[in-house]
Amino acid sequence: MALARSLERFGYRVLEAADGEAALRLFQTTEIDLVVLDVAMPRMDGFAVLSRLRQTSEVPVIMLTGRAEEVDRVVGLELGADDYVVKPYSLRELVARVRARLRRRPAEPPPQRSGDGNDPLVYGDVSIDLRAREVAVAGERIDLTAREYELLAFLARHPRRVFSREELLEQVWGTRFQDPATVTEHVRRVRTKVEGRPPQRRLVTTLRGMGYRFDP
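Residues numbered from 1 in each chain as written. Predicted model: local features only at pLDDT ≥ 70, side-chain atom pairs only at ≥ 80, totals over all residues. Heavy atoms only, no water.

### Observations concerning the sheet that holds strand S6 (residues 134-137)
Part 1 of the argument: What the four strands build is an open sheet, ordered S4-S5-S6-S7; its pairing is antiparallel. Each edge of the sheet is formed by a strand with only one pairing partner; in this case those strands are strand S4 (121-123) and strand S7 (140-142). Strand after strand, the sheet turns through a mean of 25° between neighbouring axes, direction not considered.
Part 2 of the argument: Sheet topology note: the S4/strand S5 (residues 126-129) ladder contains three bridges and is antiparallel. Counterpart to Val122 in the pairing with S5 is Ser127.
Part 3 of the argument: Against the sheet, helix H6 (residues 146-157) touches S4, S5 and S6, its axis set at about 105° to S5. (Pairing = 2+ DSSP bridges. Helix = DSSP H or I, 4+ residues; strand = E, 2+ residues; numbered from the N terminus. Axes fitted to C-alpha atoms, helices over the stretch in contact; angles between N-to-C directions. Contact = heavy atoms within 4.5 Å.)

### Concerning empty space enclosed by the protein
If a probe as big as a water molecule is rolled over the atoms, it shows which places are left empty.
Part 1 of the argument: Per the stated rule, a full pass over the model turns up two cavities of 30 Å³ or more.
Part 2 of the argument: One number sums up the size of the second largest cavity: a volume of about 40 Å³.
Part 3 of the argument: Per-class residue counts for the lining of the second largest cavity are no nonpolar, three polar and five charged. (1 Å grid on protein atoms, 1.4 Å probe; cavity = no way out; pocket = protein on both sides within 12 Å on 5 of 7 lines; lining within 4 Å. Points joined across faces, edges and corners; volume = space filled by probe spheres on them. Nonpolar A, V, L, I, M, F, W, Y, C, P; charged D, E, K, R; others polar.)

Structure below.
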């Protein structure tokens, strides 16, 4: 595969799987830092593989597909993809996206020290525990993916400040090479999970043509 050879030239170790089932077996037996997942794989398609991966892991996933329709991109993002690339793609750009994702690995939670800037953020019934990386609404813990949590926590650390989708990509995803629709979809999912619980109120506001703002 040309992509594998290109990544190997940059010093990355690349493992390849012939089909979806082989990819899952490989993931279960090997420590993987990033997955480039083709939607059109035999035996199990990329969407099914991604769904299985997200049951146990938040490893970064870049989807490859020949489907340009918006609905397919949305499905991939809803299942937890970090980026979505439509064929035919520029090999140089895809390698750049992979390198950007790998440069920003999820950080370990900070040590628990008082006064370290990681005290819980509490806005009414919404509590964000920065040490435990947990969000609760009215005392009920909300099940967020790692990226959903990071997005909400970043916005909550900067209340009333507007961030464009490109700025959020850089601050939360660590790259500007991804499709800005990734941010839109993650904001939608955060709203569904957090704002959809009683007492219902809008926390993340959309400012058309400008970006998003956390309104406590």
